[in-house]
Structure formats: C-alpha cells, structure tokens
Amino acid sequence: MTETGAFEKVLTRYQTIPGYRGTLPEYEAHGGYQALHTVLGKMAPAEVVDAVKRSGLRGRGGAGFPCGMKWGFIPKDSGKPVYLVVNGDESEPGTFKDRMLIEEEPHQILEGVILSSYAIGCHLAFLYCRGEFVRGAQVLQRTIAEAYDKGYLGRNILGSGFDLDVIQHRGAGAYICGEETGLLESLEGKRGQPRPKPPFPAVSGLYRCPTVVNNVETLSNIPHILLRGPEWFTAIGPPKSTGPRLFSVSGHVARPGNYELPMSVTLRQLIFEHAGGIPGGRALKAVIPGGSSSPVLTPAHLDVTMDFDSLAAVGSMGGSGAVVVMDETTCMVRVGEIVSRFYHHESCGQCTQCREGTAWLHKVLRRIEHGQGRKEDLDLLLDMCDNMKGKTICVLSDAAAMPIESYLKHFRDEFERHIRDRACPFAGAAGVRKH
Amino acid sequence: MPKLTINGIEVTTAGPATILEAAKSAGIEIPHYCYHPGLSIVGQCRMCQVEVEKMPKLVTACNTSAADGMVVTTNSPKVEKARRAVLEFYLLNHPLDCPICDRGGECPLQDYTMKYGPGESRSVEPKVQRAKHVVLGPHVIFDQERCILCTRCIRFCREVPKTGELGVFARGDRSEINLFPGQMLDNAYSGNVIDICPVGALTSRQYRFQSRPWDLIRHTHSVCPLCSAGCNVVLDVRDKQSGNELLRINPRENMAVNRWWMCDEGRFTFRYHHDPDRLMLPLVKSGDQQHTSAPEAVLDSVASALAHILAAQGASSIGCIVSSRHTNEELFLVRRFFRDLLQTPHVDHRVRPVQMQASDAPEDAILRRTDKTANSHGARDLDVLPGPDGLDTAGMIEAARAGRLKALFVFDEDLAQERPDLPVADALRGLDLVVVTSLFRHATAALAHAVFPGLGFAEKEGSFTNYQGRIQKIHRALEPAGACRPVAEILGGLAGRLGKPLGVVTPEQIWTEIAAQPGPYHGIDWQMIGPEGIIPSEVRKEP
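Residues numbered from 1 in each chain as written. Chains lettered and ligands numbered in written order. Predicted model: local features only at pLDDT ≥ 70, side-chain atom pairs only at ≥ 80, totals over all residues.

Draft legend 1. How the structure looks around the overall build of chain B. Along its length, chain B carries 15 helices and 22 strands. Considering only C-alpha atoms, chain B reaches an extent of 90 × 55 × 40 Å along its principal axes. When burial is assessed residue by residue, chain B has 48% of its 543 residues classed as buried. Contacts spanning at least 24 positions in sequence make up 65% of the contacts within chain B whose residues lie at least 6 apart. (Helix = DSSP H or I, 4+ residues; strand = E, 2+ residues; numbered from the N terminus. Buried ≥ 20, exposed ≤ 12 C-beta atoms within 10 Å, placed from the backbone. Contact = placed C-beta atoms within 7 Å.)

Draft legend 2. Quick look at the overall build of chain A. On a plain count of helices and strands, chain A comes out with 16 helices and eight strands. Relative to the 2.2 N^0.38 estimate, which gives 22 Å for 435 residues, the radius of gyration of chain A is 22 Å and therefore close to what a compact globule would have. Referenced to the eigenvectors of the C-alpha coordinate spread, the extents of chain A come out at roughly 75 × 50 × 35 Å. Sequence separation of at least 24 residues holds for 72% of the intrachain contacts in chain A that already meet a minimum separation of 6. (Rg over C-alpha atoms; globule rule 2.2 N^0.38 Å.)

Draft legend 3. Here's a closer look at the interface of chain A and chain B. At the junction of the two partners, chain A supplies 24 residues and chain B supplies 24 residues. Breaking the side of chain A that touches chain B down by element, the ones donating at least two residues are helix H13 (332-346), helix H14 (352-369) and helix H15 (376-388) of chain A. The dominant element in the side of chain A that touches chain B, judged by the number of residues it contributes, is H14(A), at nine residues. Along the lines of polarity and charge, the residues of the side of chain A that touches chain B split into seven nonpolar, 12 polar and five charged. (Nonpolar A, V, L, I, M, F, W, Y, C, P; charged D, E, K, R; others polar.)

Draft legend 4. Main features of the confidence of the model for chain B. Of the residues in chain B, 99% have a pLDDT of 70 or more, and the chain-wide mean is 95. Across the interface, the model reports ipTM at 0.92; the global pTM reads 0.94. (pLDDT = per-residue confidence, 0-100.)

Draft legend 5. Main features of the packing of H15(A) against helix H16 (residues 396-421) of chain A. Residue and element names in this part refer to chain A. Relative orientation of the contacting elements H15 and H16 amounts to 155°, with a least axis distance of 9 Å. The orientation of H15 relative to H16 falls into the category roughly antiparallel. Helix-helix and strand crossings are classified by hand; for H15 and H16 the assignment is left-handed. Facing Leu378, Leu381, Leu382, Cys385 and Met388 of H15, the residues of H16 in contact are Ser397, Ala400, Ala401, Ile404, Glu405, Leu408, Arg412 and Phe415. Considered class by class, the residues forming the contact of H15 with H16 number 10 nonpolar, one polar and two charged. (Axes fitted to C-alpha atoms, helices over the stretch in contact; angles between N-to-C directions. Parallel < 35°, antiparallel > 145°, perpendicular 65-115°, else oblique. Left-handed = near helix turned anticlockwise from the far one by under 90°.)

Draft legend 6. Spatial organisation of the environment of Ile368(A). Residue and element names in this part refer to chain A. Locating Ile368 in the fold gives a position in helix H14. Judged by the 24 C-beta atoms lying within 10 Å of it, Ile368 is buried. Sequence separation of Ile368 and Leu378 is 10 residues, and the distance between their C-alpha atoms is 9.4 Å. In this structure Ile368 touches Val333, Gly373, Asp377, Phe415, His418 and Ile419, once residues within four positions along its chain are discounted.

Draft legend 7. View of the nonpolar core. Counting residues in hydrophobic clusters, the biggest one holds 210 residues, and the most contacted among them are Val52(A), Val85(A), Val86(A), Leu115(A) and Leu270(A). Counting residues per element, this core draws most heavily on H16(A), which supplies 10 residues. In this structure Val86(A) touches Ile109(A), Val113(A), Ala125(A), Phe126(A), Leu127(A), Tyr128(A), Asn214(A), Val216(A) and Leu219(A), once residues within four positions along its chain are discounted. One finds Leu279(B), Cys320(B), Phe337(B) and Leu433(B) within the second-largest nonpolar core, a separate group that totals 60 residues. (Core = buried A, V, L, I, M, F, W, Y, C linked by C-beta atoms within 7 Å.)

Draft legend 8. Up close: the domain arrangement of chain B. Residues and elements named next belong to chain B. Assigned domains of chain B: these are domain 1 (3-75), domain 2 (98-108 + 119-209), domain 3 (221-274) and domain 4 (283-457 + 482-510). Taking the mean C-alpha position of each, domain 2 and domain 3 sit 22 Å from one another. Facing 10 residues of domain 2, the contacting portion of domain 3 comprises nine residues. Along the lines of polarity and charge, the residues of the side of domain 2 that touches domain 3 split into four nonpolar, five polar and one charged. (Domains from an automatic or database assignment.)

Draft legend 9. The arrangement of the environment of Asp340(B) in detail. Residues and elements named next belong to chain B. Residue placement: Asp340 occurs in helix H8 (residues 328-342). With 12 C-beta atoms packed within 10 Å, Asp340 lands in the exposed category. Spatially, the C-alpha atoms of Asp340 and Asp421 are 31 Å apart, while their sequence positions differ by 81 residues.

Draft legend 10. Region of the structure containing the domain arrangement of chain A. Residues and elements named next belong to chain A. One can read the domain layout of chain A as domain 1 (3-234), domain 2 (244-327) and domain 3 (332-421). Inter-centroid distance (C-alpha atoms) of domain 1 to domain 3 is 35 Å. Taken residue by residue, the interface counts 10 residues in domain 1 and seven residues in domain 3. Residue composition of the side of domain 1 that touches domain 3, by class: six nonpolar, three polar and one charged.

Draft legend 11. Broad picture of the pairing of strand E5 (residues 244-251) of chain A. Residue and element names in this part refer to chain A. Extensive coverage of E5 is indicated by the burial of six of its eight residues. With antiparallel pairing between neighbouring strands as the criterion, E5 and strand E6 (residues 257-262) make up a hairpin whose turn holds five residues. Pairing of E5 with strand E8 (residues 322-327), which is carried by four bridges, proceeds in the parallel orientation. Counterpart to Gly251 in the pairing with E8 is Val325. (Pairing = 2+ DSSP bridges.)

Draft legend 12. Just the sheet that holds strand E4 (residues 211-215) of chain A, in detail. Residues and elements named next belong to chain A. Ordered in space as E3-E2-E1-E4, the four strands form an open sheet in which the pairing is parallel. A single partner strand is all that each edge strand has here, and the edge strands are strand E3 (165-170) and E4. Across this sheet, the average inter-strand angle for adjacent strands is 20°, counted without regard to direction. One ladder, built from five bridges, connects strand E1 (residues 82-88) with E4; its direction is parallel. Pairing of Asn87 across the sheet is with Asn215, part of E4. With respect to the sheet, helix H7 (residues 134-150) is in contact with strand E2 (122-129) and E3, its orientation differing from that of E3 by roughly 170°. On the sheet, helix H8 (residues 180-187) packs against E1, E2, E3 and E4 and is oriented at approximately 105° with respect to E1.

Draft legend 13. Fine view of unusual backbone geometry. Cis peptide bonds are those with omega within 30 degrees of zero, and the linkage from Lys197(A) to Pro198(A) qualifies with -5°. Residue placement: Pro198(A) occurs in the loop between H8 and E4. Even without glycine at this site, Leu96(B) takes up a positive phi of about 55°. Structurally, Leu96(B) can be placed in the loop between helix H2 (77-92) and helix H3 (108-116). On the basis of neighbour counts, which here come to 14 C-beta atoms within 10 Å, the residue Leu96(B) falls in the partly exposed class. Despite not being glycine, Gln343(B) shows a phi value in the positive range, around 65°. Position of Gln343(B) relative to the elements: it lies in the loop between H8 and strand E17 (347-348). Under the C-beta neighbour-count criterion, Gln343(B) is labelled partly exposed, with 13 such atoms within 10 Å.

Draft legend 14. How the structure looks around the environment of Ser91(A). Residue and element names in this part refer to chain A. With respect to the helices and strands, the residue Ser91 is situated in the loop between E1 and helix H5 (97-104). What makes Ser91 buried here is the crowd of 22 C-beta atoms within 10 Å. When the C-alpha positions of Ser91 and Lys70 are compared, they lie 22 Å apart, and in sequence the two are 21 residues distant. Once residues within four sequence positions are removed from consideration, Ser91 is found in contact with Arg130, Tyr175 and Gly178.

Draft legend 15. Up close: the sheet that holds strand E19 (residues 433-438) of chain B. Residue and element names in this part refer to chain B. The seven strands are arranged E15-E14-E20-E19-E18-E16-E17 in an open sheet whose pairing can be described as mixed. Each having just a single partner strand, strand E15 (289-292) and E17 make up the two edges of the open sheet. In the sheet, E19 pairs with strand E20 (residues 450-453) via four bridges, with the strands oriented parallel. Each residue of the ladder has a partner; that of Thr437, found in E20, is Phe452. Docked against the sheet, H8 engages strand E16 (318-322), E17 and strand E18 (407-411), running at close to 170° with respect to E16.

Draft legend 16. Fine view of helix H13 (residues 487-497) of chain B. All of the buried residues in H13(B) are Val487(B), Ala488(B), Ile490(B), Leu491(B), Gly492(B), Gly493(B) and Leu494(B). A positive phi of about 75° marks Gly499(B), the residue just after H13(B).

Draft legend 17. Inspection of helix H7 (residues 295-313) of chain B at higher detail. Residue and element names in this part refer to chain B. Taking 1.5 Å of rise per residue, the 19 residues of H7 would be expected to cover 27 Å, and the 26 Å separating its terminal C-alpha atoms lies within 8% of that figure. The set of residues buried in H7 consists of Val298, Leu299, Val302, Leu306 and Ile309. Projected onto a plane normal to the axis of H7, the buried residues spread over an arc of 100° and lie on a single side. Across from the buried face of H7, at angles greater than 90 degrees, the exposed residues are Glu296, Ala297, Ser304, Ala311 and Ala312. Buried residues belonging to H7 abut strand E14 (283-286), E16, E18, E19, E20 and H13. Gly314, located one to two residues past H7, shows a positive phi value of around 90°. (Expected span 1.5 Å × (residues − 1). Arc of directions from axis to C-beta.)

Encoded structure:
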C-alpha cells in the first residue's frame, strides 16, 4: 500500500461506524455540528471566508474553482440579500458521490451550508436536489426538519443572532440544471438554460441577487476545515489540490464505488489498488478521469496523479471525479456514440453550435458505429468539435466536443477500421453489448 | 464615451454601447439573429461573435460592452470560421425551401449565408422534420422547420405587449417554439413577430404567397391613419395585371413615435383600397335613387345648387363636417373653402367626444390611442373649428333639423353611424343639399344628393400631425382608384364654378401657404418635414 492507503477518511468517515444512518443524533454523537458551535458568534464571517481561502478548497462539482475566492466575490454592500445555493443536481455521467453524501451523511452538508451562509451573510439558502434522487430528497427534507427542531436552522441559531432558513427544491430532470446559472434559472421557476456571463452569480445570481453556488461535496468539507483548521486541510494532497476527494470509479473494475482519497493518488493506484483492477485479466484500454465530458486517457497516463493540475497537464481534467474504466473489449466509437447521445439529449438548445452540433456529432458517430461511416467523417467530426468549443454561453458544447476529440486523437485507427470494414469490429465480442 | 478600434477604424460611441452598437454606428456590419434593439439581449444565436484583442475566446458583440482601447476584429479568419460554422449549423435542419418561402429575397438567413456561409452542406444526415404552416393566431402562420430559435418572437410577446403567448418547448435540436397551452397569438401587436423573424418561420396570413420581395415595385413611406399615434409605415406595392396593388404594410423605425412596432389593426387594415364595393364614380340623387354620374356633371350640379342656396339663404345656411382623417393640406383647403371663400362659420372636425382636446389618451401602454383619426391635432392646429357664432357638429345637425341649415357637406364621416345619439337621418332629409365624400356607400352617403368617391390614405400626398404635434408626411403609393379625386380637386372644381378660384393644388403648394400664415406651423418649410417628422416647437428652440 502507498501512503494514500494510510489516509484517514473525512467525508465518508461515517462508513467506519457500524449501523450509522445519518440522523441528527448519530451525526452529533460522532462530532457533528461541533464546527457550528465553534464558529457561530465566535468567529467573524470574514475570518471564516479567510480560513476557507487558506484551505485551498477547490470546487468539487467539475470546474475546480477555489471556493474561498468564489465567496470573496460577493459584494459587501450591494443592499441586496445574499443567497447560498447548494448544487445537488449531480448528473455528469459516471458521477455518484453527491448522491451518496446526500443519502448517507446529509447533516454534514447542512452544517456546511449553515457555516457557509454565515460566512457570506446569507439568510436563505436553497438546496437544489436532482429530481431523480427521490430518496435523497426525502432524506434532505428530514434532515432540514431535524435541524429546525434542534435550533440549527431558523432564528438566532445557537444564540449567535444569526438567522438562516433552508428550502429544498427538486430539479425536473435536466443535466443542464447542474450548470450553476442554468440551476438558478430553474430554481426561479424558469426554463433551465444557462445565462450569459458576466455577470457572474456572485454579483447577480438568484433573483438577480449576489449568490454563491457550491457543490454538495464542496460544502461537506467546510465543517472539517473550520473545526480542524486550514493547515490540516492543506496537508492532505498536493499543494494546489488540497483536501480529500471522492472518486466515483465505475466500468471495468472489480470493485466499482466511491473512494475518498487525497488527490495525490495516481490513476494506477485508484484503479488497481483501490478499485481492485480489471476483472477477467483483461487489459486496460482507456479511462475517462473526470466524468463523461473529460478527454479520455490511455494506459500511458496511468501514473498521473488525480489532482486538477496534473490531469490538465495531460490534456484532460479532474471534472466531477468520475473515473470510468474501460478494458480492451470496449469499442471507442460506441463510447463516442453513447457519450454524444447523452449531450444530444441534454443540450438546452439555446446556443446554435450546441443545439445543432450535439445532434450532428451523435448522428455521425452513430453512423460510423453502424458501418455507414465515410472517410471524410473523421475530419468533419474534428472540425465540428472545433466549431463547438469555446463559442457558447455555457460549456456543455465543449463538454460534448472534448471527449470526441480525444477519442479521435487516441483511437483514430479504431474509427478508421469501422469505416474500412463498414462494421463495428467489436460487435459480438465477449463482454460487449450487441447493438 | 468609449473609444475603440473596429477593423482598424477608430470608433467613438456617443455613450455606453455594446460592440455591436458601436460597430453599427460606424457602419460596420456584424451579422446577428437573436439581437434586436427593441428586445432584451440573450446572446444565443452566437452569430455576432467577434475577436477582441487580449480576450482568449471570441466574444458576442451583442452583449459585450465596448470599452476604451478595445481592439475588435469582425473579419479575421477565426471570426469568419466561427460565423460560417454557425450558418452551417443553422442549415443542418433548415428546409432550404427559399424558392417557395415568403422571406426569400429579404431573409437574413439567406443573405448572411450568401455573404458569409458555406457554399454547400457537409451533412448527409436526414433533417429533423417539424410542423408546417401552423396557425398561431389570426394573423400569423408558423413554419417550425424554418425556425432558427432566435427567440425574438418570444421576447417580443413577453416584453412589448407583455402577453407571453410563446415559449420554447423541449431541448436541444428537439427545441421548438410554440404557443403555451390554451393560448393563441392574438395580442394587438402580434404582426410584429413577422417583421422581426429573421427567417420565413413566421409569415403573415394576409401577405402569405402574395408576392416575392423583388416583385414589389414600390416601398412608399407613409403614416398609419388609424389613430392619432401616427406610426410610421412603409407601403409595399406590387404591379399586377389588374393594376398596382397594396399588399403589405410594415412599420418603419421612428424612435420618437413607434420605435420598430405597429399594431395589428394598422398593419392589416388596408385592403379597402382594393375593395370591389368601393365607390369609383360620383353618385347623384334623383328622386329616391342614387345613380352614378360623371365627376364634372356632379360638380356642375352641386355648384349650381350651392350658388342658389348662397344667394337665397346666405353662407350661414351652409355647414361643413370634415373628418380629421384628412391631411393637413386637405383640412386647410376645406377651411379655406368654407370659412374664407363661402364665409360660413359652421365648420367642425369633431364628430366623436374623444376628439375634444386632451381627451385623446393612450389605449394601452404601447402605441394605440383612443382617437381613431390620424389628424385631430392638425385639425385643431389649422383651426378647422366653428368660427364666431359657428355651430359644432351636434349644433349643425340640430340646426338642420330645425330648418336653419340648408346645405351640409360631410367629408368622410358616416355621421349616422358615428352619432346614433343625434337625429342625423331626420336632419339630413330636410336639407336642400347634402354633399358627402366617402370610400363606400354608408347610411350617411345614402342620404346625400351628391357623393364624391374619396381617397384612401395610400392614395394621398400630404401630412398628418400626430398626438404629439409631430407633423409627418404621407406619400402616395397608389394612383387614386376609378374616378376618385383628391379633396383639392373637388373643392377646386366647386370654387372655380362659383367664380372664387381656390388657387393652390399640390400638397407642397398648400403647405407653403399654411407655413406662410400665422399659427403653429408658421415658418415650417415643406422640406423640413423629414422621414421622422417634425415638431414645430422643437425646431424653433434651435438657434
């Protein structure tokens, strides 16, 4: 075992407690809400912001933006209410860590919400929970009720004079509502489509008021940072990717699941030590390291550490922490078809390149996979991707284009073989779903 | 006042502006679809992307503020590629049915594709099929396949009439614009969505398949005559075998009056010009019947009857009610003829209560006004009102019934219809001479001894003064139908026969006389009345 093996779990520590169900008494019995007692009325909000800044905590939703810096963008004297919105609309394919935190350790999120609201001067916070998370929404509702009963929410929390109300809102089934401004539109009762930026939500967010949108996992870190100090947090993982991270490992591994680890873990360790390697003795072919929108990596990249910057350096991204492992029986064209089908389905449709491009990508990839590809399709796909990237209101268009580009970059021969053979060479192979 | 460089040209904007507005002010075209100056900015079509020095990505010109020292390029290879790509994406699912599309020839999608787009498609995929010719409301038909989802129509309905009938439904390339359940696109301004649609998705039920843009021989600037707002319009005329035909009215931008909009009533009410029931020849009464007659003969008989009444009863037995639908020039001549030449004080333009000064009011918060005539303000300015001891409209009807009035001229008003509270029919039956001008037979015309066929506004030259006091010109788009004659010719003909020539004839000559006399229009030269009109008091303020 490497040093990451000795890592003490933070966000998923509850997993070591037998019979733990995440209720308020259980959470409190194991140190829950201590940070709240320590901070509320005893630390100035600015000190809380400063502590989070010093912790180096980066957003766990996908972009990896420094959390404290995001909070710091809230104008001090806008005269408008400030809102905190919890992004629980986890929908990036391959990602299933927020769902676990919501269902199993909900008070950790809520404590993070209360502390963060205190820091940014928010008195009304919204939990935006993915609509498909029926159980999660029930758990969150129970959690909010428990916190109100105990006086952790409502007026004058813990005698500090700080008031906070929390409202849960359930999404209606759209990936794009995980994009923070799409989420805000949805929360306002409108069609979920991202807003042009600037202005950013910190200046003009929910109901055009200063708003912080933070991911579930990001907020779950806050109580620990404030209780144990930013220095404790920065000691975990590489200097610019501090703190623990949940990796959702899926695909061709022996033990798929969520793994909480420092981001100094290598891809090799994650797959072969933690997730138990590839079953059946088959060879690794490709890995999506940060959710379906991240460019694919190959066995040549196995020694990359799973921090934001190292993954960027090899041309991919940490994204949402979803690691999808694919072995040698996987058809990369089929992967492209599936991934592009997802973005085709989920594009909100407001920007031309994304609305039309996601559909076109999907159609061409489907055609190639089904033996109808043309030689010129590959350059067409690349040019299409170029026309889609960096030109739209949000990054869904980029998210649709980047993986396809990477599949073509690393597995072009496989695409060419589909076209040459006028068929998928993997069709009927062991372990591969027939079309 | 940002000073920036666009394509190497230094541009200074008059105030805060977006890159798109700054470029427009310098005459540099940045193609766009979703942006419209009268609507909120959404930045969705991505057509207006430009390159700005030191910015890593292309930016949308419509929602990026112009800033001091900014260096903008609208024609770099990077911009041109992005633009070509947007057009290619648009055309993936566009039916390319330009040859049968109403918009073909005046279509921004067609124009930009020709100018900036790819020559041919790289797509071999089947196009998404959608609903065709969907009736959205009384005036608008929707072709979903042509729609490029710019959402201008949606924003218009939300932001201008604030009725919000339209929305986007579904996502991605399944997105479609449609009516919300239970709604119809039937607000009073619905026709504007046809104008602002940058493709042929929203077409006019009235104009649909009536013409190709290049068959329209005239685009005549005019002013809508249907209320006192004075919305600026363009009259589109096609030359047909049956003669010139007015096919379409579109609003003309005038920021001081109607901005880019007009109401549906104004837009779609003009077919009367070509109505087969329209009066084409004068009518004269013999016995209980009216029959058509040659204009000169009718003028002769009216003049001789008038001369007889003048001699026997005096000028004060003659009354005149003239609609404020008439131009300033027509009103001036009517006033001159009755007040100055015949010297009767009984002249009025006020038929409806709303025409009393200051009772004309906004009908909504947009354009429409309660005075449904175009020129009450002008009629007041020109004193088309009773003179000393003169009778107003109700007074004239009363006097006619009492036998104190012998002759009444009614210019373009159906008094019987408009004033059911007055004994119009009784009064008119007792008169020795009733002369009416009208486009159609109506209850009042039926009582007349002589009816002259009137002109529609599209057949006139002249000016209206809107509720603001803004003088605006209307121009002739159609030659007068049949034997219809301008008021100037009718009055000129009568005056000549009475030995009191009226003098001036053309609108410009008449205006020169108006401007020469004291009054609100004194000193306003005909040439000063430009395409956006003129408010005399505003001109005089300038040194």
